[in-house]
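Summary of structural features
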Amino acid sequence: MKLPSCFTRWVEGEIGVPLRAEFEPLEKKKSVPKIGPSDLDDRARLDGFLRLYMKCGLIISVLLLAVLLAGAVALPAFAAPGNPTNNEVVRRYVGCAEEETGAENVIAGMILNYRGFDTFGESCVLFLAVCCVMLLLWATNDRLRDEAKHCEKTAPRDAILQANARLVLPCVLCFGLCVLFNGHISPGGGFSGGSILGAALILFAVAFGSEAVRRFFTAKVFNAVRITGLMLYAVMFGVYIYQGANGIASELARYIVLVIDLAVGLVVMSTMYGFYSFYTKGEL
Amino acid sequence: MLSLIIENRFAITAAILFVTGFVNMMLHPNLIKKIVSFNIMDSAAFLMLASRGMIAGRIAAILTDGGADVSRYVNPIPAGLVLTGIVVSVSVSAFSLALVQRIYGTYGTVDMRELLEAMKKRGE
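Residues numbered from 1 in each chain as written. Chains lettered and ligands numbered in written order. Predicted model: local features only at pLDDT ≥ 70, side-chain atom pairs only at ≥ 80, totals over all residues.

1. Observations concerning the overall build of chain B
- Of regular secondary structure, chain B possesses five helices and zero strands.
- Against the globule reference of 14 Å for 124 residues, chain B gives a C-alpha radius of gyration of 21 Å, more extended than a compact globule.
- Seen through its principal axes, chain B has C-alpha atoms that stretch 70 × 35 × 15 Å.
- For chain B, long-range pairs separated by at least 24 residues make up 52% of all intrachain contacts whose partners lie at least 6 apart in sequence. (Helix = DSSP H or I, 4+ residues; strand = E, 2+ residues; numbered from the N terminus. Rg over C-alpha atoms; globule rule 2.2 N^0.38 Å. Contact = placed C-beta atoms within 7 Å.)

Pasting the structure below:
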């Protein structure tokens, strides 16, 4: 997929590029850069600015350290049960989480039910981050892509890595799925399980080449997976809120937590693999 | 004074880490190292938050056979906030690394000073 060239140039910082209309590329000035008196002036001004910046930065940092240390010393005692942070919110969350959200892992119940909008925002942040990385690195970066393709063709696959990957990959996959689907009753959940699954995908790509990954995880599947994850989250949480949130029976709420965990896991997994793929190859 | 420092050791470590990251982010000319320092600042914030949730002698907030007795578990809220923070930190790091990659592709440098000069030359 090739983005319009005007857009590429706009991303690269060119000013005054019309984003819709095609136009003739401007001729580049081919004058030899000569160092005149104005250049020396500029350099001196830049030096002066950087010196001033250095001094101001140091002063601000020392001030910041003093303020932070004074604040740190004045904090209430570490790990004391009577701290002001351990207030009625904690009592409510720990006391009612199992009954209201069906999750024995209070943190999973908290982030997926009580603070579900927050976690939805997080998933959107991941989604947008991978969109931005795509925008910046996909296909516009021909040099990187050609290099990656060249490397893939010429470099032999590492036999030790492949043998190890065959041994380790099933375990990693099982562990990732286990963490993902037991998030509500044990440590884990969508974010950690999704990261482990993403790591398994990355290991597969490193060991067997991205061609092997592309057999089942193409750009289309990648987009489908992350959009499905986000939509699933939105729909499930919307249904949950519409139903009155607290009025749902514990058993049903447990399934909702499970499905939302799965949605978050899908988003995180595709994001992790997307980051790896775009940084190393410039495409999926 | 010493007992005060020992009592607040996590907060003081977090403050020192934060300022370390802040100084590097302000003053280091290399863009990649600026991003690394940004991550150090993030870690300081996470350390601070996570240490605030600790309560001595209690277990993690996963309900076991003891049931929902509040006095058995640590504070779960900072854990959730740290999770949010980690996700945002990963996203921001990824985005800024992609920007730096493009900057390197365009200008051939990641040094702040050389970049300023190159940008000036380009603008003329």
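2. Here's the deal with the overall build of chain A
- Within chain A one finds eleven helices and zero strands.
- Start at the N end of chain A and walk to the C end: the helices and strands fall as α-α-α-α-α-α-α-α-α-α-α.
- Expressed as a percentage of the 284 residues in chain A, the buried residues total 30%.
- Intrachain contacts of chain A at a sequence separation of at least 6 include 75% that bridge at least 24 residues. (Buried ≥ 20, exposed ≤ 12 C-beta atoms within 10 Å, placed from the backbone.)

3. Quick look at the environment of Cys132(A)
- Within the fold, Cys132(A) resides in helix α5 (residues 116-137).
- In this structure the C-alpha to C-alpha distance between Cys132(A) and Met110(A), which are 22 residues apart in sequence, comes to 29 Å.
- In this structure Cys132(A) touches Phe95(B) and Ala98(B), once residues within four positions along its chain are discounted.

4. Section: the interface of chain B and chain A
- Taken together, the contacts link 46 residues of chain B with 51 residues of chain A.
- Those elements that place two or more of their residues in the side of chain B that touches chain A are α1 (2-7), α2 (9-27), α3 (31-53), α4 (77-107) and α5 (112-123) of chain B.
- At 16 residues, α4(B) tops the list of elements feeding residues into the side of chain B that touches chain A.
- A per-class count over the side of chain B that touches chain A returns 31 nonpolar, nine polar and six charged. (Nonpolar A, V, L, I, M, F, W, Y, C, P; charged D, E, K, R; others polar.)

5. Side note on the nonpolar core
- Ranked by size, the top nonpolar core spans 61 residues in total, and within it Val133(A), Val257(A), Ile260(A) and Ala263(A) carry the most contacts.
- For this core, the secondary-structure elements that each account for two or more residues are α3 (88-101), α4 (106-114), α5, α7 (159-181), α8 (190-208), α10 (219-242) and α11 (250-281) of chain A together with α4 of chain B.
- Here this core takes 16 residues from α11(A), the largest share from any one element.
- Within the second largest apolar cluster, ten residues are counted, among which are Leu68(A), Phe18(B), Val19(B) and Ala44(B). (Core = buried A, V, L, I, M, F, W, Y, C linked by C-beta atoms within 7 Å.)

6. Considering α4(A)
- In terms of residue burial, α4(A) counts as a mostly covered element, since nine of its nine residues are buried.
- Listed as buried for α4(A) are Val106(A), Ile107(A), Ala108(A), Gly109(A), Met110(A), Ile111(A), Leu112(A), Asn113(A) and Tyr114(A).

7. A few points about unusual backbone geometry
Residue and element names in this part refer to chain A.
- Even without being glycine, Ala79 reaches a positive phi, approximately 65°.
- Summarising the element assignment, Ala79 is placed in the loop between α2 (37-73) and α3.
- By the C-beta count within 10 Å, which is 16 here, Ala79 ends up partly exposed.

8. Focus: the packing of α7(A) against α8(A)
Residues and elements named next belong to chain A.
- Interhelical geometry of α7 versus α8 gives an angle of 165° and a closest axis separation of 9 Å. In terms of orientation, α7 and α8 fall into the roughly antiparallel class. Crossing of α7 over α8 shows left-handed handedness. (Axes fitted to C-alpha atoms, helices over the stretch in contact; angles between N-to-C directions. Parallel < 35°, antiparallel > 145°, perpendicular 65-115°, else oblique. Left-handed = near helix turned anticlockwise from the far one by under 90°.)

9. What about the confidence of the model for chain A?
All names here are of chain A.
- When pLDDT is averaged across chain A, the result is 82; 82% of the residues are at 70 or more.
- Highest mean pLDDT in chain A belongs to α7 (93); lowest belongs to helix α1 (residues 5-11) (64).
- Predicted confidence is poor over residues 20-29, with pLDDT under 50, and the contacts of this stretch with residues over four places away or in other chains come to two contacts. (pLDDT = per-residue confidence, 0-100.)

10. Description of the packing of α5(A) against α10(A)
Residue and element names in this part refer to chain A.
- Across the interface, α5 lies against α10 with an axial gap of 11 Å and an inter-helix angle of 165°. Considering their axes alone, α5 and α10 lie roughly antiparallel with respect to each other. Where α5 crosses over α10, the handedness of that crossing is left-handed. For the pair α5 and α10, the contacting residues are Gly116, Phe120, Ser123 and Phe127 in the first and Arg226, Leu230, Tyr233, Ala234 and Phe237 in the second.
- Of the residues belonging to the contact of α5 with α10, the class tally is six nonpolar, two polar and one charged.

11. Things to note about the environment of Ala94(B)
- Summarising the element assignment, Ala94(B) is placed in helix α4.
- Contacts of Ala94(B), omitting those with residues within four sequence positions, involve Ala129(A), Val133(A) and Phe275(A).

12. Focus on the confidence of the model for chain B
- When the pLDDT values of chain B are averaged, the result is 88; 98% of them are 70 or greater.
- Overall fold confidence for the complex sits at a pTM of 0.82, while the interface term, ipTM, reaches 0.87.

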